[in-house]
Structure formats: C-alpha cells, structure tokens
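Structural overview for review
Here's the letter readout for the chains.
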Amino acid sequence: MLAVAVLAAGKGTRMRSAHPKVLQPLAGATLVDWVLRSCEPLDPHRRLLVVGHQAERVQQQVQRRHQHMEFVLQQPQRGTGHGVQQLLQPLGDFTGTLLVLNGDVPLLRSATLRQLVEHHHRSGSAVTILTARLEEPQGYGRVFCDDRQRVRAVVEDRDCTEEQRRNRLINAGVYCFHWPALAAVLPHLKADNQQGELYLTDAVGLLEPATQLTVADGTEIGGVNDRGQLAACEQVVQQRLRQQWLAAGVSFLDPASCSLSAGTRFGRDVVVEPQTHFRGSNSIGDGCRIGPGALIEDSQLEADVEVTFSVVRQARLARGCAVGPFAHLRPGAVLGEHCKVGNFVEVKNSRLGADVKAGHLSYLGDARLGRGVNVGAGTITANFDGTGKHPTTIGEGSSIGANAVLVAPVTLGRDVTVAAGSTITKDVADDALAVARCRQVEKEAWHKPAAPYRSATTPNRDPADPFSQGQDR
C-alpha cells in the first residue's frame, strides 16, 4: 500500500504575500494543486496534507478540488522532520510505503514519482530519496553516497562546509520511506543545526539501507520560495501545456505569446492566434479559431466557433458562432448555433437562440432572444431599474431597429418589428410593428439668430492670442 504525505504548513515569507505559499496561483491552479495532481496516477491508499500557516484556509481550498484528503495540523512549524512527526498518530496502523512531497515543488511529473516508488520497492530500501545534478546547486541540501551509490549523508546547504558545497548532487526533497522503519526513528530526531529545526534529512542517516534515484530533468525539482521562482515555474508549465496540445493537434501561431490553464481542453484542428489566453476550465471544440487578442475563461465552445479580439467569461457558445471583434460575453451568456455577436456588443446572463445577429454597439442583459432575431446597432435592454434586474424576451424572427431601448420587464412576440429609435415600455404582440418615439416636427423658413458681430478691435481681446474673442460686457 502507498500513502502520500504533502508538507504544506510553511508561511512562505519571501513571497511577500497575504496568501499561504502553497495557494499561490500557477497556470490556473495552485502550487499544492499541481503537487496533488502529480500523485493521482499513483492511486495512493491514503492522502495526507500537513497544514500549519492559515491551515483552515488551505484546507477549505484544497477540499474543493481534491476528495478523500486527510488533513494533519503542524503547529508550530519546526521543520520538515517535525512535520512528518505529526503523521505518527494518523498512520499508526499503516505498514506500507510513505511518499513524502513538498507542497511548493509543482513541476514533478507523475512518471518520475512512479519511477521513484518502483525503484524503492525493487531495492528493498528503508528510504529512497530523489536527487538531481545541478550546475548551480546553491540553496539545496547535498547528497553524499558511497561507492555503491548508497546514501551516507544529506547535509543542508546552510550547514555544509566549503568542500561539501562543491558536490552538485542535491536533495530534491522527495522521499519514499518504509513507514514502520521511519516511524521508529522519527522520535529520535534532534535540532542540532543553525536553524534549530528538526530535519527530515536526518532520518535518512538513521535508516539502512538508504538509496537514491537521480531525476533526468533537473527542472522537475524546482521549488518556489519567491516571486522570481514562481514566474520561472509558470514559464515551464506554460511550455509543457503548449507542447502537450501541439502534439494533440492544436495549432499555435505564436506559442510564446499565449498562455494556457491546466483546466483547458482542446479538440482537433483548433487554431490559437497570437496574444490569446485561457483561464480556468474551458472546453474548446474541434475546428475553433480563437484570437488574436482573445481571453477565454471558464467557458464551453462547441465546434467551429470563432472569437476575435474579445473576452468570453463563463459562457456557452454553440457550433458555428462568431464573436467579435471587441465583444464581451459575461457570465451566463448562452449562444445558440451560428449566432453572430459583433463589434462592441456586450451580452450578460442572456440566452440567444440559433442564428441571432447582434452586430454592433449593443447591450443584451437578462434577455431571452428566439431563433433568427436581428438586433440593430445601438440596441439596449434596460434591465436595471435602480433596485433590481428584470428580463427582456424577444420572440423568434423579430427585428429590432437601430438605437432602440427595451425597458424591462418587457416581452416582444414573434416576428415583431421595432422601429429605429424607439423606447419600448410595453409588451408587443406577434407580427406587430412597434413605434415609440416623438413625431418628427419641421418648421419651415427657420433661421437661427445670428451671433453678435465682433471686430478685431473688440475691447478686451488679447492681440497676442489669435483665438481670443474678448469678453461680453
């Protein structure tokens, strides 16, 4: 049996943030989300998260995305060894393998963790640690092995001598333990170091045999202690995501200018234009063309949708829709097949039937539009009366003239025509023409009174200012 314990109790002072370090965002998830996801393919029997700083907040956020998680409180935080000591009670009857990870190391691949666990079982070791060889190992603990590559010592960077610091084999902070063996030595850890903390690495020196596995890609073990390292991780994750979807049949015309989220899924033959960004959970259907300059967040786009220079948030777009340029689909927008939402059109909490056209300069809020409705330029659904929102319903086949205002609550029947410039405040029956505007008035031979003539010598005129016209007296 396999248990996974993730250490997530630290404050992360160097992040200079009001948020716990493990909840810092990374490509649409949090640091600890990425760590927990990397463990899922291993199908562990037990999942434990050691929390401390803002423990309740961390627990609440993790529970939203990860089921069957056990939370263990470390209070106060006195090092990694102290954190694992908190597992003695919840794992009291456990006799299997314990995989220990850090909640701020988000780049580990599931395949690497599986390889580590398998290596640990084959070797019959009491502990197997993941290592890497780095050109610049500063800040990492050094791993020292004998001629048979058995681990003899792990020394934290701050406790290394100058000679020890020349060793480039570093501790990645990922461990596989035979839990009964580890449980026997945990109570004997001592804080004999500069930090006065209990190091989990000291347990390695108390266990025999201790082996190591060197990861092929050193970027996997990169931790996050400050904003610079977080940004570096973001670049790695974005590159991985782009490579994943390029291999799956998605075209990126300028990959480096686009950003993805872990929760975005693409169909085949999708084209992503430059400066396009995906946030949250998205489903992008076959043959869609997104961008340039688009933002898609928590939305579902069926096949053959086009979105150009527009923002789409928490919306659903059926097959063949065209959005933009410069449109804004806000939460609750639902577009039927082959809808057209064009230049500077905003749609909020509204359902548009198939073949609806809203091409220019309109606001559709809390509205229901039937099939084939045509919305003229400048149409507004006035849905807010100062205290509450109200619905507008437009029957199929209706045509709304330019610069019309539909004052909610109001219902227009099927095949209604609204004259341009009308303000509609009452329901309109099927097949009716609605005209609601003042009658045009003309006055013949109307001459605008001429303004008083002022010559260049008008008093109070500033001769140095060619635009000065003097002052009235």
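Here's a quick rundown of the structure.

Thresholds, definitions, all that
- Residues numbered from 1 in each chain as written.
- Predicted model: local features only at pLDDT ≥ 70, side-chain atom pairs only at ≥ 80, totals over all residues.
- Heavy atoms only, no water.
- Helix = DSSP H or I, 4+ residues; strand = E, 2+ residues; numbered from the N terminus.
- Expected span 1.5 Å × (residues − 1).
- Contact = heavy atoms within 4.5 Å.
- Core = buried A, V, L, I, M, F, W, Y, C linked by side-chain atoms within 4.5 Å.
- Buried < 20%, exposed > 50% of the residue type's maximum accessible area, 1.4 Å probe, protein only.
- Salt bridge = Lys/Arg side-chain N within 4 Å of Asp/Glu carboxyl O.
- Phe/Tyr/Trp six-rings, centres within 6.5 Å; stacked < 30°, edge-to-face > 60°.
- Lys NZ or Arg CZ within 6 Å of the ring centre and 35° of its normal.
- Pairing = 2+ DSSP bridges.
- Polar contact = N/O pair within 3.5 Å; in protein donor to acceptor, adjacent residues only side chain to side chain.

For the rest of this paragraph, the subject is helix α4 (residues 110-123). For α4, built from 14 residues, the straight-helix expectation of 20 Å at 1.5 Å per residue is met to within 8% by its first-to-last C-alpha distance of 20 Å. Where the residues of α4 are buried, they touch α1 (31-39), β6 (97-102), β7 (127-133), β10 (169-178) and β11 (210-214). One or two residues past the end of α4 sits Gly124, with phi positive at roughly 65 degrees.

So, about the nonpolar core. Formed by 62 residues in total, the largest nonpolar core has its most connected members in Val307, Leu317, Leu329, Leu335 and Leu412. Mapped by element, the contributors of at least two residues to this core are α1, α7 (227-247), β31 (367-369) and β37 (410-412). Top element by residues in this core is α7. It accounts for 5 residues. Dropping the residues within four chain positions of it, Val307 is found in contact with Arg289, Ile290, Gly291, Ala294, Ile296, Leu301, Val312, Leu317 and Val323. Of all hydrophobic cores here, the second largest spans 34 residues; its members include Cys39, Met69, Ala132 and Ile170.

What follows covers the pattern of salt bridges. On inspection of all chains with the given rule, the structure shows 18 salt bridges. Its salt-bridge partner being Arg371, residue Asp355 comes within 3.3 Å of it at the nearest N-O pair. In this pair, Asp355 is assigned in the loop between β28 (351-352) and β29 (357-360) and Arg371 in the loop between β31 and β32 (374-375), connecting sequence segments 16 residues apart. Judged by its relative accessible area of 30%, Asp355 falls in the partly exposed class. Of the charged contacts in the structure, one is a salt bridge between Glu396 and Arg414, with a shortest N-O distance of 3.4 Å. Taken together, the residues span a long stretch of sequence, with Glu396 in the loop between β34 (392-394) and β35 (399-400) and Arg414 in the loop between β37 and β38 (417-418) at a distance of 18 residues.

Attention shifts here to the packing of aromatic side chains. Within the structure shown, the criterion is met by 6 aromatic pairs. Ring centres of Phe252 and Phe266 lie 6.4 Å apart, and the angle between their planes is 80 degrees; this geometry places the pair in the edge-to-face category. In this pair, Phe252 is assigned in strand β12 (residues 251-252) and Phe266 in strand β13 (residues 264-266), connecting sequence segments 14 residues apart. A relative accessible area of 8% places Phe252 in the buried class. By way of ring pairs, the aromatic residues Trp245, Phe252, Phe266 and Phe278 are connected into one cluster. One residue, Arg37, lies across the ring of Trp34, its end atom 5.7 Å from the ring centre. One residue, Lys389, lies across the ring of Phe384, its end atom 5.8 Å from the ring centre.

What follows deals with the sheet that holds β12. Within a beta sheet, neighbouring strands are joined by backbone hydrogen bonds and run either parallel or antiparallel to one another. Overall, parallel pairing links the 11 strands, which are arranged β12-β14-β17-β20-β23-β26-β29-β32-β35-β38-β40 in an open sheet. Whereas interior strands pair on both sides, the edge strands pair on one side only; in this sheet they are β12 and β40 (433-434). Strand direction decides the pairing type here: strand β23 (residues 322-323) and strand β26 (residues 340-343), joined by 2 bridges, are parallel. Pairing of Val323 across the sheet is with Val341, part of β26.

Counting buried residues along β6, 6 of its 6 residues qualify, which places the element largely inside the surrounding structure. Because side chains alternate across β6, one face comprises the buried residues Thr97, Leu99 and Leu101, and the other comprises Leu98, Val100 and Asn102, equally buried. The sheet contact formed by β6 and β10 spans 4 bridges and is antiparallel. Along β10, the bridge assignment pairs Thr97 with His178.

The next thing to look at is the sheet that holds β31. Strand order in the open sheet formed by 9 strands is β13-β16-β19-β22-β25-β28-β31-β34-β37, and the pairing between neighbours is parallel. Every interior strand has two partners, whereas the edge strands, β13 and β37, have only one. Bridge count between strand β19 (residues 300-301) and strand β22 (residues 316-317): 2 bridges; the pairing is parallel. Within β22, the residue paired with Leu301 across the bridge is Leu317.

Given a rise of 1.5 Å per residue, 21 residues ought to cover 30 Å, and the 30 Å separating the end C-alpha atoms of α7 matches this to within 8%. Those residues of α7 not exposed but buried are Leu230, Cys233, Val237, Gln238, Leu241, Arg242 and Trp245. At its buried positions, α7 is contacted by β2 (25-26), α1, β12 and β13. The N-cap residue of α7 is Asp226: its side-chain oxygen and the backbone nitrogen of Gly228 are 3.1 Å apart.

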